There are 2 protein chains.
Amino acid sequence: MNSITLLQPGKIVFGEGSLKELSNDTILEGSNSILLLVATPLLQAVEEIVKSLKSKNKQVQLVEYKFLGEPTFSQFNILLNENQGFNPDCVIGIGGGSVLDCAKLLAALINNSQKLEDVVGIGLLNGCSIKLICIPTTSGTGSEVSPNAILLNEDTQAKSGIISPYLVPDACYLDPVLTVSLPSKLTAETGIDALSHCIEAYTNKFAHPTVDVYALKGIQLIAENIQEACENGSNIEARSALLLGSMYGGLCLGPVNTSAVHALSYGLGGKFHVPHGLSNAILMPEVLRFNLSANPKRHADVARALGITLEGSDEEIALAGIEKIEAISKACNIPQRLIEIGVTEDVLPELADIAMKVTRLLKNNPREVTREDAIGIYKRLL
Amino acid sequence: MNSITLLQPGKIVFGEGSLKELSNDTILEGSNSILLLVATPLLQAVEEIVKSLKSKNKQVQLVEYKFLGEPTFSQFNILLNENQGFNPDCVIGIGGGSVLDCAKLLAALINNSQKLEDVVGIGLLNGCSIKLICIPTTSGTGSEVSPNAILLNEDTQAKSGIISPYLVPDACYLDPVLTVSLPSKLTAETGIDALSHCIEAYTNKFAHPTVDVYALKGIQLIAENIQEACENGSNIEARSALLLGSMYGGLCLGPVNTSAVHALSYGLGGKFHVPHGLSNAILMPEVLRFNLSANPKRHADVARALGITLEGSDEEIALAGIEKIEAISKACNIPQRLIEIGVTEDVLPELADIAMKVTRLLKNNPREVTREDAIGIYKRLL
């Protein structure tokens, strides 16, 4: 069995209403100054927490996260400069993936001689002494448990990953109540993104038994609950399952990570500003069809976790699984073709060029993807 | 879905030879004085680590753990008094469950105004500021990831649990090489103990989906590998799988914990000094037969994880699973009857009295166990 290092928050609090327990967390006992980075729709939900923390004589800086779309380098640097002076000993992020990624980087870079530009890449952060708690309000990125933060570099129009053990939060709170108000469209796109984390980890060249456990459970939870969560957003059981599934997807990101779906998605996000989950959702079935031959057994396992009970060869079962993903995606009203999101044939070579540069993910893919393969995959999705 | 808090080391390093990486762990970067509590057979294996840590200008106190059997209150207090003066900022335990439990308590109680006697029970520790790394050399207790430490109270002849979030290590290293020299008998007994952690968590009244994941994987890994590890101790794949299975058992202990097998085992350990794993191994099949009717579905799931492929009712499948546990246990040369370990009918009422006091575990059992039930279970095992 290959060696592996699993990093994750030492504390994962899960449950309906668990946000209420945050201000009593033992992690905050030693903190005197707490920075809360909060997505606008959550400002009201944190009022009680702020009050409770202040009543314990803690300094609290409440920062509203107002940016739309994927966060950029300059947006993050604005946040950093505005809050550098507060000197927190704990950062709490409450919001979707963008908010959590910025909270993680704030904890790492406030009062650090390293700049954002110094730490883009893998393992470049020197350390992080500020405590970090992440609280997701979407079931998608799994950022609350992962060592990753992703920002958009405006100069290159490419998404850039900052990957470091120091970006794994100390704790996360998974409160499904916070995800209830997420619109159906976002529930669908972020949910399929989480599904892709699990599937790309399980079919990964560097798959590992300790991560397979998370991947298969995540696939099952998401497949069983995403449509219900989209159609009936207040179904707390479906929201709970989706939030857990997303966390399992996040636990796949550190030690194994994603592969070609995410690599081919980079240009769509950076160049066309297609939401991350949506581009992954469109790409996933076709990339899986391309990958299938490299490991039919693992693709059949994915299909079974998706709920396929068909008897047959691994290939047949795996293909039924891919069709199930397409069916789920359609049922959640996700566009199926690139043309529907404004991508035309003439830009495919440029998209492929961007994808080819994401070697840190392409190296994980079970089958080698050439530039021509990438163009072919995009073309079949037009 | 019920609420749950999952606590575990933020860092789990797994792999053949991973012990070699210990001295470069980032957790040790901030440490200046490190106490290593090491089981006698491992003293040679840590020589390089001690040398490497000293070369980094760290003070190292190497303490040999010499006690045999389950550690007692007074043995622990000897360790505490002898090392109180060293004032470490990090404790590393390397050994079986007894060594790890003592290392965990040393980290918690050195330079703490609380005494051992103050913290026996659940959640009584006020805090722990000393870093803690645990490195198991048996595949059994799962102490390296759990919030538990168990000592024997000589006055009452009862095993006493110290349970606290502060006893969860910051990191653990799972190096299967360290388990290769473990004799077949100990491999068998500790392995079945780990299996019982998984099974008692999965069939638990407070079972939870997030813990089921660990329990089922642990059952599968242990069932598939324990006999091979006993018969061919140097098979590193079998040792690796068993070590992972044991870790999964440990991850079940915090949030869900064990039930009647462990409760009925307490008297055998405290009064008769029967090794913990052995007493659990003898008791498990009969307790599962007693429990089966309370949740046939879950007991059938356990059987499937054990490798049972039989078609039939949940009861039939579950019973085949229990027979499989007995077959594994016999194949590993574990005694099957209480009489073989010197327990006679006249002491059964006293054993039952001790078991009835372990309410913190009995409350988890899927079926209520009365004193008469307990005596009946013991009697059927004579």
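In case you missed it, the structure is sitting above this.
Source: prediction; values computed, not measured. (Residues numbered from 1 in each chain as written. Chains lettered and ligands numbered in written order. Predicted model: local features only at pLDDT ≥ 70, side-chain atom pairs only at ≥ 80, totals over all residues.)

(A) Region of interest: the nonpolar core. Counting residues in each nonpolar core, the largest one holds 268 residues, and the members touching the most others are I219 of chain A together with I219 of chain B. Each residue touching I219 of chain A, except ones within four places of it in the same chain, is listed here: L195, C198, I199, V302, A305 and L306 of chain A. (Core = buried A, V, L, I, M, F, W, Y, C linked by C-beta atoms within 7 Å. Buried ≥ 20, exposed ≤ 12 C-beta atoms within 10 Å, placed from the backbone. Contact = placed C-beta atoms within 7 Å.)

(B) Up close: unusual backbone geometry. In this structure, N57 of chain A is a non-glycine residue whose phi angle is positive, near 65 degrees. Tracing the chain through its elements places N57 of chain A in the loop between helix 1 (47-55) and strand 4 (59-65). Non-glycine residue N87 of chain B carries a positive phi angle of around 55 degrees. Note that N87 of chain B resides in the loop between helix 2 (73-83) and strand 5 (90-95). (Helix = DSSP H or I, 4+ residues; strand = E, 2+ residues; numbered from the N terminus.)

(C) Main features of the sheet that holds strand 6 (residues 121-122) of chain B. Residues and elements named next belong to chain B. As summarised here, the arrangement of the three strands in space is 6-9-8, forming an open sheet in which the pairing is mixed. The outermost strands of the open sheet, each flanked by one partner alone, are strand 6 and strand 8 (148-153). Strand direction decides the pairing type here: strand 6 and strand 9 (residues 158-163), joined by two bridges, are parallel. Its bridge partner lying in strand 9, G121 is registered against I162. (Pairing = 2+ DSSP bridges.)

(D) Layout of the pairing of strand 10 (residues 171-174) of chain B. All names here are of chain B. Taking every second residue as pointing to the same face, both faces of strand 10 are buried, with A171 and Y173 on one and C172 and L174 on the other. Examined bridge by bridge, strand 2 (residues 11-14) and strand 10 share four bridges and lie parallel to one another. Bridge pairing in strand 10 links K11 to A171. Inspection of the sheet shows strand 7 (residues 131-136) paired to strand 10 by two bridges, in the parallel sense. Each residue of the ladder has a partner; that of I133, found in strand 10, is A171.

(E) How the structure looks around the relation of the copies chain B and chain A. Between the two copies, chain B and chain A, the superposition gives an RMSD of 0.0 Å; the rotation angle is 180 degrees and the shift along the axis is 0.0 Å. Considering both components of the superposition, the chain copies are consistent with a two-fold axis. No C-alpha of chain B lies nearer the rotation axis than that of G10 of chain B, which sits 2.2 Å from it. (Least-squares fit on C-alpha atoms with pLDDT ≥ 70 in both.)

(F) Structural detail: the environment of Y202 of chain A. All names here are of chain A. On the secondary structure map, Y202 appears in helix 5 (residues 184-202). Using a count of 23 C-beta atoms within 10 Å as the deciding quantity, one classes Y202 as buried. Separated by 40 residues in the primary sequence, Y202 and I162 have C-alpha atoms spaced 23 Å apart. If near-sequence neighbours (up to four positions away) are discounted, Y202 is found in contact with A207, D212, A215, L216, R298, D301 and V302.

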